[in-house]
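Structural description and commentary
Here is how the chains run, residue by residue.
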Amino acid sequence: MSQGEGPGGADVVARLRSEGKRVGHIAIPDLDASLRERRLALADIESFLADGGTFVNVLHRWDSAERVTGAGPFVGEALLVDWSSVRDWPFERDAFLVLADFGGPSRELSPREVLKAQVARAAKSGFRVSAALEFEFHVLNESADSLRAKGFESFDLFAADNRCWSTQSAARYGDYVSSLEAVILEAGIGLFGLGLELGPGCFEATLRATDPLKAADDAVLFKTLTRAHARLNDRTASFMAQLGAGFPGLSGHVHLSLADGTTGAPLFHDAGDSESMSATMRHALAGIVELAPDLMALYAHTVNAYRRIAPGNWAPRTASWAVQNYAAAVRAVPAPEARARLEFRLPAADTNPYLAIATALGAALHGIEKRTPLPPPLEGGGPDETPAGAPPLPRSLAEASERLAASDAARAMFGQAFIDHFVATRMHEDASLRRHVSAGERRRYIEVV
């Protein structure tokens, strides 16, 4: 097979055949990290790729409603299959999934390629990177049909009696959690924790740390499988940042650590420092704090993501940092040495994992390269505290997109073509909801103004 990267495609296909695999799902992540695929028999995948198989290049040029946002021509572009991403597909016997992307001009518009470039940049600087994501999500007692019949309003929550971290809830809803866990593990996704969290209908999953590309692949597939598992149970799993005024804002935090590329020694811990933080960790923190406001559209790429930054939510409203403080935008965990890491707490559950990790890693490398000084840490903090002096964050997707467009650092890190294209798609996303009026707005204004 001529089209591919990672381990040799022919060798992987031979292994898959020996394992009895019959069907493959070749999936491409779009700009929202939603997977789009071709399902082919294993024998047809070989001939498809050998004959220059293509996929229409619209995937990075349409929005979440599948409306085109960019100019054509819309043509078939060669596929690059990443054979290192192969894993079992848990919803179909004798099937596997493998990730791919465009090999033509659309490749520079790919979030997965953006992350790969930052990983390569880290390797060139002598770093080995480890990353993981954790997500909060809601499960609704609604099928696809019932959601539409209700106009996506007044839905019922699964586990309506759940209380945060409740052992009673863990017992009551253990069957659902364990069945989801089985699906996730079958797909080769490492789970550190999975259970109920922030109240009615709310769950949390923490994925195991691994290399950044696999961490993002795992996160994208985790969300896909979680939604599919819910639908198979006539429910809906939602990763929206804010379902409504009466719901908690949901997070999609990134955990990031650096090690020496040769020895594997952790680089964020310093036993001789008063806070156990190495100079490398301080500069990495400083880079993220400095660039987080300008890069926000990358890791908060939906209109809804900005609803989470509201009173009552445990969501940072400024670019701040602190050691072990959950109110900070970046939580530093400098000890113990083997688990020293940064937790980037600004992304919501709806974040694109490729861009969330790429942002955290790219900004951390920026700080290390520039030896950026670390500002004072956040003192205190809570769901309704805004620390004085910390750089404010954009308040909307439109404002965040304008800041991203004007960022020289973003263009240097992620490329002119990607930034121009991504900004245009985010402006389109913002404009698409400008005229939509919520029931809450009508209730507030219809009889008054």
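Just so you know, these numbers come straight off a predicted model, no measurement behind them.

**Details of the pairing of strand 5 (residues 95-102)**
Burial analysis of strand 5 places eight of its eight residues in the buried class, the great majority of the element. The pairing of strand 4 (residues 76-88) with strand 5 spans six bridges and is classified as antiparallel. Each residue of the ladder has a partner; that of Arg87, found in strand 5, is Leu97. Following strand 4, the chain reverses through six residues before pairing antiparallel with strand 5; Asp94 in that reversal takes a positive phi of roughly 65°.

**Remarks on the side chain of Asp101**
Its location among the elements puts Asp101 in strand 5. In this structure, Asp101 is buried with no salt-bridge partner, the nearest side chain bearing the opposite charge being Arg112 at 6.1 Å. Within the structure, Asp101 has its side chain in polar contact with the side chain of His60 (distance 3.3 Å). Separated by 2.3 Å, the side chains of Asp101 and Ser110 make a polar contact.

**A few points about the side chain of Arg121**
Tracing the backbone through its elements, the reader meets Arg121 in helix 3 (residues 111-124). For Arg121, the side chain forms a polar contact with the side chain of Gln118, separated by 2.8 Å.

**Things to note about a nonpolar patch on the surface**
Taken together, the side chains of Val56, Val68 and Phe74 define a hydrophobic patch exposed on the protein surface, amounting to about 220 Å² of accessible area. Inspection of the secondary structure assignment puts Val68 in the loop between strand 3 (54-56) and strand 4.

**Comments concerning the pattern of salt bridges**
Using the criterion set out here, one finds 24 salt bridges in the structure. Between Arg121 and Glu369 there is a salt bridge, with its nearest N and O atoms 2.9 Å apart. With Arg121 in helix 3 and Glu369 in helix 10 (residues 353-370), the pair connects residues that are 248 residues apart, well separated along the chain. A salt bridge links Asp218 to Lys214, with the nearest nitrogen and oxygen atoms 2.8 Å apart. Highlighted residues: Asp218 and Lys214, both in helix 7 (residues 212-232), separated by four residues, approximately one helical turn. Classification of Asp218 by relative accessible area gives buried; the value is 3%. Taking the relative accessible area as the measure of exposure, Lys214 reaches 29% and is therefore partly exposed. The network of salt bridges with shared partners includes Arg15, Glu19, Lys21 and Asp88.

**Topic: helix 11 (residues 397-405)**
Among all positions in helix 11, only Leu397, Ala398, Ala400, Ser401 and Leu404 are buried. Seen end-on, helix 11 carries its buried residues on one side only, within an arc spanning 165°. Its buried side turned inward, helix 11 meets helix 9 (296-299), helix 12 (408-414) and helix 13 (416-432).

**Here's the deal with the nonpolar core**
The biggest cluster of nonpolar side chains holds 102 residues, and the ones touching the most others in it are Phe222, Leu295, Tyr299, Val330, Phe344, Leu404 and Phe414. A per-element tally of this core places helix 10 first, with eleven residues. When near neighbours in sequence (up to four residues on either side) are disregarded, Val330 contacts Leu285, Ile288, Val289, Ser320, Trp321, Ala322, Leu342, Glu343 and Phe344. Within the second largest apolar cluster, 22 residues are counted, among which are Leu42, Phe48, Trp62 and Trp83.

**Quick notes on the environment of Val12**
On the secondary structure map, Val12 appears in helix 1 (residues 9-18). Val12 gets classed as buried once you look at its relative accessible area, which sits at 6%.

**Section: helix 8 (residues 279-291)**
In a regular helix each residue adds 1.5 Å, so 13 residues correspond to 18 Å; helix 8 covers 18 Å between its end C-alpha atoms and thus fits that length. Taken together, the buried positions of helix 8 are Met281, His283, Ala284, Leu285, Ala286, Gly287, Ile288, Val289 and Leu291. Tucked inside the fold, the buried residues of helix 8 contact strand 11 (321-323), strand 12 (330-333), strand 13 (341-344), helix 10 and helix 12.

**Concerning the sheet that holds strand 3**
Strand order in this open sheet of five strands is 2-1-5-4-3, and the pairing throughout is mixed. The sheet terminates laterally at strand 2 (35-41) and strand 3, the two strands that pair on one side only. Averaged over all adjacent pairs, the angle separating strand axes in this sheet is 40°, with direction ignored. Pairing analysis gives five bridges linking strand 1 (residues 23-29) to strand 5, with the strands arranged parallel. Within the sheet, the bridge partner assigned to Ile26 lies in strand 5 and is Val98. Where helix 3 meets the sheet, its contacts fall on strand 1, strand 4 and strand 5, and the angle it forms with strand 5 comes to roughly 80°.

Cut-offs applied
- Here the residue index of a chain counts from 1 through its sequence in written order.
- Totals for whole chains, interfaces and linings use every residue, but because this is a predicted model, local features are given only for residues with pLDDT of at least 70 and side-chain atom pairs only at 80 or more, for both listing and counting.
- Just so you know, side-chain values use all the structure's heavy atoms and leave hydrogens and water out.
- Relative accessibility thresholds used throughout: buried, under 20% of the residue-type maximum; exposed, over 50%; partly exposed, between the two (1.4 Å probe, protein chains only).
- For helices the rule is a DSSP run of H or I covering at least 4 residues; for strands it is a run of E covering at least 2, with both sets numbered from the N terminus onward.
- Should DSSP find at least two bridges between two strands, the strands are taken to pair.
- Neither His nor the chain ends contribute to the count of charged residues, in which Lys and Arg are positive and Asp and Glu negative.
- Here, a salt bridge means any Lys or Arg side-chain nitrogen found within 4 Å of an Asp or Glu carboxyl oxygen.
- We define a polar contact as two N or O atoms separated by no more than 3.5 Å, with the added condition that, inside protein, one atom must be a possible hydrogen donor and the other a possible acceptor, whereas residues neighbouring each other in sequence contribute only through side-chain atom pairs.
- Note on patches: the residues involved have over 30% relative accessible area and no salt bridge, like charges join within 9 Å, and the nonpolar side chains Val, Leu, Ile, Met, Phe, Trp and Tyr join within 5 Å.
- Each accessible area is a Shrake-Rupley estimate made with a 1.4 Å probe; only the visible protein chains count as cover when residues are assessed.
- Directions are taken from the helix axis to each C-beta atom, and the arc is the one they span.
- In this description, contact between two residues means that some pair of their heavy atoms is separated by no more than 4.5 Å.
- What is meant by a nonpolar core is a set of buried Ala, Val, Leu, Ile, Met, Phe, Trp, Tyr and Cys residues, joined one to another through side-chain atoms within 4.5 Å.
- Here a helix's expected span is defined as the number of its residues, less one, multiplied by 1.5 Å.
- In this analysis, axes come from line fits to C-alpha atoms, helices being fitted only over the stretch in contact, and the angle between any two N-to-C directions falls in the range 0 to 180 degrees.

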